[in-house]
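Topology and contacts: notes
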Amino acid sequence: MTNFAAWPALPLSEWKDTYATLHMWTQVVGKVRLALGPDINHYWGSTLYVSSRGLTTSPIPYAKGSFEIVFDFIAHDLEISTSRGETGSFSLAPRTVAEFYSELMSSLHSLGIQVKVWPMPVEVPRPVRFNLDEGHASYDREYAHRFWQILVSVSNVLWEFRSRFIGKCSPVHFLWGSFDLAVTRFSGRRDPERAGADAVTKEAYSHEVSSVGFWPGDGEIIKDAVFYAYAAPEPTGFKEYPVRPEKAFYHSEKSEFFLMYDDVRTSQNPAETLRDFCQSTYEAAAIAGKWDRANLERTVGAKNTGAPKAGA
C-alpha cells in the first residue's frame, strides 16, 4: 500500500513560484561550492546532496578548514557550520533572491569564509543576476517540505539502484543547474565530442552514459513532476525498447523516456515501480548500446551486515 507521507502530491501549479525561487537559492549555494571545492570530473564537485533534513553541500574546503551549508526543510533554515565549531543561520522565508544572496554572502564573510561567485544563473531562460533578482521571492513551507520528502524517497531508490553497478557511476546528487536529482552510469567508452557544445556540456558528456532522475517539470513540455531517463549518445533501438512500467513513454522532442511522478506515487508500490523504470531504461541503453554488462554489473545478494563469517 502506498505511503503517501513518503510520496506526497506535488502539483506544479501549486508551488511553481516557490520552485522558481528555490531554484535560484540552490544555484547561489551551489556556486559557493563550485568556487571553493576541488574541480572534480563532470562537475561532481559542485552538486548538492539529499540529507536527513534537506539538501547539503557536504564539507567545502576553505582557508581555516571546512564548512557546510544546509537547506533545512524541517526547521526551514539555511545553516552554515564550520570545522572550527562556528555556526551561522537565517530563516527560509519569503524573500527575494537578491536578499538571499546578500544574506548568505554576509553570513559566510562573518565566519571568515571569503568567496566570490559569478552571480548569473545558469540553465534558465531570461536569467537575472542574483544581486538584482527581485522577481523571485516565494517560499511555501509545506511544498518545500513535500519536495524534500520526495527527494528522500527517490534518493533511497536511486542509491539502491546505483549499488548494482560496479562500473564508473556518479553519486546520487542534486543538480542545481537543472534542479533535478539524478544518478548516471558510464559504459567506459568515450563519447565523440559534440560540435558546438559549451565547456560544461563537453565535460558532462565526455563519456557514454545512461542517466535517470527526478525533475519537478517545466509546466510547458513536461506539465508536472516526472522521472526521466536518457542515453547519451542515444544508440539505435533505444527508444523502441519496452521499458517498464506500462505508463512510461518516450518523448521524441526531449529524446528521453518519462514516467509521471503521479503514476509512481499512486501505484501499489512506488519504490518498486521506480526501480522498474530505472532498471528497464538502463537496459534499453546497455542492450542497444552493447555495453560490457558482464564487467559492469553485479548480482545483488544478501546485504553485508558486517557480521563475521564462521571460522573468521
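Residues numbered from 1 in each chain as written. Predicted model: local features only at pLDDT ≥ 70, side-chain atom pairs only at ≥ 80, totals over all residues. Heavy atoms only, no water.

1. Examining the side chain of Ser211
The condition that has to hold: Here a helix means four or more residues in a row that DSSP labels H or I, a strand means two or more in a row labelled E, and each is numbered from the N terminus. Under the rule applied, a polar contact is a pair of N or O atoms within 3.5 Å (in protein, one hydrogen donor and one hydrogen acceptor; residues adjacent in sequence only if both atoms are side-chain atoms). A contact between two residues is defined here by any heavy atoms of the two lying within 4.5 Å.
Turning to its location among the elements, Ser211 is positioned in strand β9 (residues 207-215). One polar contact links Ser211 to Thr184, side chain to side chain, over a distance of 2.9 Å. Filtering out sequence-adjacent residues up to four positions away, Ser211 remains in contact with Ala182, Val183, Thr184, Tyr228, Ala229 and Tyr230.

2. Section: the nonpolar core
Basically, it comes down to this: Here the nonpolar core consists of buried residues drawn from Ala, Val, Leu, Ile, Met, Phe, Trp, Tyr and Cys, with membership extended through side-chain atoms lying within 4.5 Å. Remark: exposure states derive from per-residue accessible area (1.4 Å probe, protein chains only) relative to the maximum for the residue type, with buried under 20%, exposed over 50%, and partly exposed in between.
Counting 88 residues, the largest nonpolar core has Leu78, Phe100, Leu104, Leu108, Phe214 and Phe227 as its most contacted members. Per element, the largest residue contribution to this core is 10 residues, and it comes from helix α3 (residues 141-162). If sequence neighbours within four positions are ignored, Leu78 has contacts with Val29, Ile69, Val70, Phe71, Gly88, Ser89, Phe90, Leu92, Phe100 and Leu104.

3. Notes on the sheet that holds strand β12 (residues 256-260)
Test applied: Here, a strand pair is defined by DSSP locating no fewer than two bridges between the strands. The axes are straight lines fitted to the C-alpha atoms, using for helices just the contacting stretch, and the angles between their N-to-C directions are given from 0 to 180°.
Spatially, 6 strands are ordered β7-β8-β9-β10-β12-β11 in an open sheet, and the strand pairing comes out antiparallel. Single-partner strands in this sheet number two, and they are β7 (173-175) and β11 (249-251). The mean inter-strand angle of the sheet, taken between neighbouring strand axes irrespective of direction, is 30 degrees. Pairing of strand β8 (residues 180-190) with β9 involves 7 bridges; the strand directions are antiparallel. Counted as the bridge partner of Phe186 is Val209 from β9.

4. A closer look at the packing of helix α1 (residues 12-36) against helix α2 (residues 97-110)
Stated formally: Just so you know how the angles are binned, under 35 degrees is roughly parallel, over 145 roughly antiparallel, 65 to 115 roughly perpendicular, and the rest oblique. By convention, the crossing between two helices is left-handed when the near helix turns anticlockwise from the far helix through less than a right angle, and right-handed when the turn is clockwise. Amino acids are sorted into nonpolar (Ala, Val, Leu, Ile, Met, Phe, Trp, Tyr, Cys and Pro), charged (Asp, Glu, Lys and Arg) and polar (every other residue, Gly among them).
Contact geometry for α1 and α2: axes closest at 10 Å, N-to-C directions at 30 degrees. By the angle between their axes, α1 is roughly parallel relative to α2. Relative to α2, α1 is oriented so that their crossing is right-handed. Residue-level inspection shows Met24, Trp25, Val28, Val29 and Val32 of α1 in contact with α2, the latter providing Val97, Phe100, Tyr101, Leu104, Met105 and Leu108. Here the contact of α1 with α2 is built from residues that sort into 11 nonpolar, no polar and no charged.

5. Digging into the pairing of strand β4 (residues 65-72)
Pairing geometry for strand β2 (residues 54-56) and β4, over 3 bridges, is antiparallel. Across the sheet, the residue bridging to Gly54 is Asp72, located in β4. Counting the residues between successive antiparallel strands, the hairpin from strand β3 (residues 60-62) to β4 contains 2 residues. As judged from the 6 bridges shared by β4 and strand β5 (residues 77-82), these two strands associate in the antiparallel manner. Along β5, the bridge assignment pairs Asp72 with Asp77. If you look at the hairpin formed by β4 and β5, you'll find 4 residues sitting between the two strands, and His76 has a positive phi there, around 60 degrees.

6. Here's the deal with the packing of aromatic side chains
Put simply, the rule is: Each aromatic pair joins two rings of Phe, Tyr and Trp (for Trp, the six-membered one) with centres within 6.5 Å, and gets the label stacked for planes under 30 degrees apart, edge-to-face for over 60, and tilted for any other angle. Ring-over charges, as used throughout, are those where CZ of Arg or NZ of Lys falls within 6 Å of the ring centre and within 35 degrees of the ring normal.
All chains considered together, the criterion is met by 27 aromatic pairs. Where Tyr19 meets Phe179, the ring centres are 5.1 Å apart and the plane angle is 35 degrees; that geometry is what we call tilted. Of this pair, Tyr19 sits in helix α1 while Phe179 sits in the loop between β7 and β8; the two residues are 160 residues apart in sequence, bridging distant segments of the chain. Of the two residues, Tyr19 and Phe179, both sit in the buried class. Geometrically, the ring pair formed by Trp25 and Phe100 is stacked, given 4.8 Å between the ring centres and 5 degrees between the ring planes. Placement of Trp25 in helix α1 and of Phe100 in helix α2 is noted, with a sequence separation of 75 residues between them. Comparing Trp25 with Phe100, the two get one shared label, buried. The ring centre of Tyr143 lies 4.5 Å from the NZ or CZ of Arg146, which sits over that ring.

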